[in-house]
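Structural description and commentary
For reference, the chains in residue letters:
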Amino acid sequence: GMEKPTLVSGTDGVGTKLKVAFTMDKNDTVGIDCVAMCVNDIACAGGEPLFFLDYIACGKNEPEKIADIVKGVAEGCLQSECALIGGETAEMPGFYPVEEYDLAGFAVGVVDEKDLITGKDIKAGDTLIGIASSGVHSNGFSLVRSVFTMTKESLNTYYDELGKTLGEALIEPTRIYVKALKNIKDAGIKVKGCSHITGGGFFENVPRMLPEGVKAIINKDSYEVPAIFDLIAKNGDIAQEMMYNTFNMGLGMVIALDPGDVEKAMEAIEAAGDKCYVVGNIEAGDKGVKLC
């Protein structure tokens, strides 16, 4: 039913979040992270993922552990309505420690060319909506690991403000936004621009969707920042600007819309099971993002 089907693709890995999985010996959710990092980029371009392949490299092929990893990958594919069509497991003794592995993958999706989200039509007066993250997602873990020691004792520490252990908060899988973006499109709403808030936080990701001559104004108080970020900042004595330049700070996606489409779009996002907030707007000015 497409006039000009266009393929879009994304590739990524889980990164050093895997260190948390190794220490906790919990390997059944990092596969969701791997899928999410790829399919969210495809959704960001307006596409719907078609298929996914994973690549696992390990020091020793332990069938139960590999099965747990792939279980997570399969769950991520189910959440994004994407087919898991294959993958590769490489055993590399002497290169990876016996108990460690790396996990990466890629996805291919499709979008009608006219539905590509490019950001070119963003203009002053447009509204920014933020879609809530599930936590730290899969970026910024090098900084997290410099703040908290990756030991069983540290990760098993319960924090009242989190309502769970540190490890449980950190291992929480990356939220997949495919359904939310699809719901918006199915509601007949044009998403003018979309930023997947990954490594580099707000300052590096939001400007990518902007054309020249406009800037994004984001109100930090427009939503509640999850407690895990306050804990990281407090324990690491990390400046606020560094936090917003490293982490998603509670927003996994930021989208730009015509103000008249906001209410309908938010209903579509919430129907997908996601929380969302009006977090700012677009103003004329030098391309960039301003937090206030």
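Residues numbered from 1 in each chain as written. Predicted model: local features only at pLDDT ≥ 70, side-chain atom pairs only at ≥ 80, totals over all residues. Heavy atoms only, no water.

Burial analysis of strand β5 (residues 127–132) places six of its six residues in the buried class, the great majority of the element. Residues T127, I129 and I131 point to one face of β5 and L128, G130 and A132 to the other, with burial holding for every one of them. Here β5 pairs with strand β10 (residues 251–257) via six bridges, running antiparallel. Among the inter-strand pairings, G130 is bridged to a residue of β10, identified as V254. Bridging between β5 and strand β11 (residues 276–284) involves five bridges; their strand directions are antiparallel. Directly across from I129, in β11, lies its bridge partner V278. (Buried < 20%, exposed > 50% of the residue type's maximum accessible area, 1.4 Å probe, protein only. Helix = DSSP H or I, 4+ residues; strand = E, 2+ residues; numbered from the N terminus. Pairing = 2+ DSSP bridges.)

Bringing the packing of helix α7 (residues 178–186) against helix α11 (residues 262–271) into the picture now. Direction vectors running N to C along α7 and α11 enclose 140°, while the axes themselves pass 8 Å from each other. Taken together, the axes of α7 and α11 lie oblique to each other. Two packed elements cross with a definite hand, and for α7 against α11 that hand is right-handed. Two secondary-structure elements touch here, α7 through A180, N183 and I184 and α11 through A265, A268, I269 and A271. Considering only residue class, the contact of α7 with α11 consists of six nonpolar, one polar and no charged. (Axes fitted to C-alpha atoms, helices over the stretch in contact; angles between N-to-C directions. Parallel < 35°, antiparallel > 145°, perpendicular 65-115°, else oblique. Left-handed = near helix turned anticlockwise from the far one by under 90°. Contact = heavy atoms within 4.5 Å. Nonpolar A, V, L, I, M, F, W, Y, C, P; charged D, E, K, R; others polar.)

With that settled, consider the sheet that holds strand β3 (residues 83–91). Strand order in this open sheet of four strands is β1-β4-β2-β3, and the pairing throughout is mixed. What marks the edges here is a single partner per strand, and that holds for β1 (5–13) and β3. Going from strand to strand, the sheet's axes swing by 15° on average, the running direction of each strand aside. Running at roughly 30° to strand β4 (residues 101–112), helix α2 (residues 30–44) makes contact with β1, β2 (48–58) and β4 of the sheet.

Read across the sheet, six strands follow the order β8-β10-β5-β11-β9-β12 without closing on themselves; strand pairing throughout is mixed. Two strands close off the open sheet at either side, each with one partner strand: β8 (193–196) and β12 (288–291). Strand after strand, the sheet turns through a mean of 25° between neighbouring axes, direction not considered. Bridge analysis of strand β9 (residues 214–218) against β12 gives four bridges, and the strand direction is parallel.

Keep in mind that these numbers describe shape and distance, not what the molecule does.
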